[in-house]
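So the chains spell out like this:
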Amino acid sequence: MLPQHTKNWKQVKSQLRLPWAMIFLIFSILCTIIWFFSGENPPEKLFHDKMMLMETGEENAFIHSAYYYEDSKSLGKNAVAIVATMHKGAVTDLNEYVMRVVGTNSTRRVVTEAKLSTEQDPEESCEYTTVLIQANTVDSMSKLEFETRTGMLELLFSKPKMETPKPVVFCIAPLFAAEQWQSLLTQLHVTKKFGAHLHVYMMTMLENYYQMVREMGELGLMSTQSWHTVKFSQVARPFLEPSRNMELRNPAAAFTDCLLQYKEAAQFVGFMEIEDLLFPVNANYYYEEFEREYEGSMQISALYYQIVEEQSVKYASPDQQSLRALLANAQPGETLRRGRSIVRTERYNSTWTHYSTQAERQPIYLSEQGEQPHHLSKKAITTNAFLRFKNLQYGTEEQLNATVIPQNPMSQDSLLLNEEALMEIEEGIRETLLLPTLQEFIKKLPTEDFYSTKLRECLDEQKSGKGYCVNTKSCKLPNNDKIPCRHSDGLYHSGRIMKPYTWHFVTEFYFTRNLGCYE
């Protein structure tokens with residue numbers, strides 16, 4: 001006969017089983033949480049595995065600038081746009097590669113996928129290319145980062161300009177070994193007369209030319225910005241020297257940077273070299289001509305002007321600067337194969353040197369109900385052209401007194417400009433040269449050419465070879481101790497070694513005399 005208390009045995013056993021079941025359940029949940037946070041969840045792993053299939057090596061990339069837009073006409077709300085120069089060999093196709101951008105504000109952190117798009121000469125074989133990295137992220141962003149498999153990289157960013165002195169902005173390609181100060185004075189006052197604001201990128205310049213331009217920028221006559229050599233301060237493996245393997249000194253990246261700066265402030269942005277002059281022969285001002293040429297069309301990506309090379313004269317003395325002499329002695333030369341673009345800012349997000357190779361790939365819908373997409377296309381301007389005054393020789397007294405105003409080379413029934421406009425431009429040049437704060441530098445401006453002729457001959461020789469990556473680094477330009485130069489510089493940084501790209505950037509910009517005019 002069993003003891004009386006044994007009749008409760010099954011009940012006790014049941015009570016003891018419950019805590020073990022709870023412990024097992026809690027243990028399972030903890031294991032799931034640990035697995036979830038210690039490793040990548042399936043979507044994360046799937047994304048990185050997909051990108052890994054595109055990776056073909058380890059290379060380097062240089063970040064020029066990053067901008068954050070609270071609300072952009074073409075980029076959308078809380079948009080991030082990053083301008084970079086990247087080696088093409090690290091992935092199979094940069095235009096298909098996707099990165100992750102992390103935006104943080106005071107309350108949350110958002111990870112979004114960023115699209116890459118390249119801008120490059122389709123006929124050249126440069127290993128480095130300009131890339132726009134674009135994403136939409138968190139509102140009121142205070143911190144921007146790249147996310148990679150091997151870590152995070154924080155990026156400095158700026159906000160775009162929200163206003164500009166004029167509705168038209170002309171972006172000038174980086175000045176390199178620059179000594180043709182006459183061209184800058186002419187460009188400044190032609191641009192001013194016809195209603196555009198000048199934004200000049202400065203890389204290497206003769207000392208007193210640099211000082212003059214710097215002071216003009218401080219006076220508000222133009223906007224100036226330093227443009228920096230792409231350099232890598234720390235790398236994990238041998239690499240191709242970037243300046244020798246990118247087009248010239250990467251004007252495409254500078255033009256894209258300029259476009260992104262003025263995207264929300266300007267109506268039109270143009271891209272050119274300092275020697276390229278445009279006279280609005282079809283209107284009184286640039287804005288009027290560009291509006292007229294767009295004709296209200298939603299399908300024009302850019303106004304595409306030809307470039308006509310002109311040979312003419314220049315003068316060493318500040319007292320002899322004359323637009324009239326430049327135009328009256330002009331001899332039309334070759335019409336170049338590639339031209340210059342003027343764009344509505346909402347229709348371009350990036351650009352190559354001459355036009356965007358991306359803008360015409362993107363479909364647009366003319367209405368919300370539109371089923372068939374349309375594609376943007378450049379409009380070739382046949383009644384006007386940029387005049388490139390690059391090959392200038394020192395003129396004579398007789399040439400200085402020439403008075404004829406030439407006709408528009410694209411249309412023989414109109415002059416380039418009228419007498420009143422010409423006199424106003426020349427008066428503007430004289431007034432600038434009399435500004436008290438410029439006198440110290442104007443007296444010491446170069447009176448003969450040293451770099452420009454050698455550089456032009458070198459680049460022309462490179463362009464004669466098909467498929468060659470035309471660049472300034474391959475030009476053997478000697479530094480001249482008697483002609484001091486200023487060179488853009490800064491504090492160069494390299495991020496953690498990452499795959500497929502190690503990222504590099506520069507901060508604390510300044511100009512130095514220690515690098516010479518050519519590096």
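None of these values were measured; they are calculated from a predicted model.

*Asks:* So what's going on with unusual backbone geometry? Which residues, and what values?
*Replies:* Each neighbour pair has its own omega, and for Lys-499 with Pro-500 the value is 0°, a cis peptide bond. Along the polypeptide, Pro-500 turns up in the loop between strand E20 (485-494) and strand E21 (501-512). Phi is positive for Leu-248, close to 45°, though the residue is something other than glycine. Of note, the phi angle at Asn-250 is positive, near 65°, even though the residue is not glycine. Mapped onto the elements, Asn-250 comes out in the loop between strand E11 (223-226) and helix H5 (251-262).

*Asks:* Quick one: what's the story with the nonpolar core, residue by residue and with numbers?
*Replies:* Soluble, globular proteins show a tendency: their nonpolar side chains are buried together. Grouped together as the largest cluster of nonpolar side chains are 109 residues, with contacts concentrated most on Phe-170, Tyr-209, Met-212, Phe-279, Tyr-286, Phe-290 and Leu-417. In terms of residue count, the dominant contributor to this core is H5 (eight residues). One finds Ala-90, Leu-116, Phe-146 and Met-498 within the second-largest nonpolar core, a separate group that totals 32 residues.

*Asks:* Residues and numbers for the state of the cysteines, please.
*Replies:* Evaluation of the coordinates by the stated rule reveals four disulfides. Sulfur-sulfur distance for the disulfide between Cys-171 and Cys-258 comes to 2.1 Å. The sign of the S-S torsion, about -80°, decides the handedness of the disulfide formed by Cys-171 and Cys-258: left-handed. Here the residue Cys-171 occupies a position in strand E8 (residues 168-175), and Cys-258 occupies one in helix H5, the gap between them amounting to 87 residues. Note on Cys-171: relative accessible area 0%, which makes it buried. Judged by its relative accessible area of 0%, Cys-258 is buried. Numbered in order of appearance, the disulfide-bonded cysteines of the protein are paired 1-5, 2-3, 4-6, 7-8.

*Asks:* Tell me about the pattern of salt bridges, and name the residues and values.
*Replies:* This model, assessed by the stated rule, comprises 27 salt bridges. Put simply, Glu-70 and Lys-159 hold a salt bridge, and the shortest N to O gap is 3.1 Å. Of the two residues, Glu-70 sits in strand E1 (residues 59-72) while Lys-159 sits in the loop between strand E7 (151-155) and E8, which places them 89 residues apart along the sequence. Among the salt bridges present, the one from Arg-338 reaches Glu-123, with a minimum N-O distance of 3.5 Å. One end of the pair, Arg-338, is in the loop between strand E15 (331-335) and strand E16 (340-344); the other, Glu-123, is in the loop between strand E4 (109-119) and strand E5 (128-136), with 215 residues separating them in the sequence. For Arg-338, a relative accessible area of 15% translates into the label buried. Judged by relative accessible area, Glu-123 falls into the partly exposed class, the value being 42%. Several salt bridges converge on common partners, so that one network encompasses Glu-273, Asp-276, Arg-340, Arg-388 and Lys-390.

Thresholds, definitions, all that
- One numbering rule holds for all chains: residues counted from 1, following each sequence as written.
- In keeping with the predicted nature of the model, local features appear solely for residues at pLDDT of at least 70, side-chain atom pairs appear and are counted solely at 80 or more, and the whole-chain, interface and lining totals rest on all residues.
- Only heavy atoms go into the side-chain values, all of them from the structure, while hydrogens and water stay out.
- To qualify as a helix, a DSSP run of H or I must reach at least 4 residues; to qualify as a strand, a run of E must reach at least 2; elements of each kind are numbered from the N terminus.
- Each nonpolar core is a collection of buried residues, namely Ala, Val, Leu, Ile, Met, Phe, Trp, Tyr and Cys, held together in the definition by side-chain atoms within 4.5 Å.
- Per-residue accessibility, obtained with a 1.4 Å probe over protein chains only, is compared with the maximum for each type, and a residue is labelled buried under 20%, exposed over 50%, and partly exposed between these values.
- Cysteine sulfur atoms that come within 2.5 Å of each other are treated as a disulfide pair.
- Salt bridges, as used here, are contacts in which a Lys or Arg side-chain nitrogen is within 4 Å of a carboxyl oxygen on Asp or Glu.

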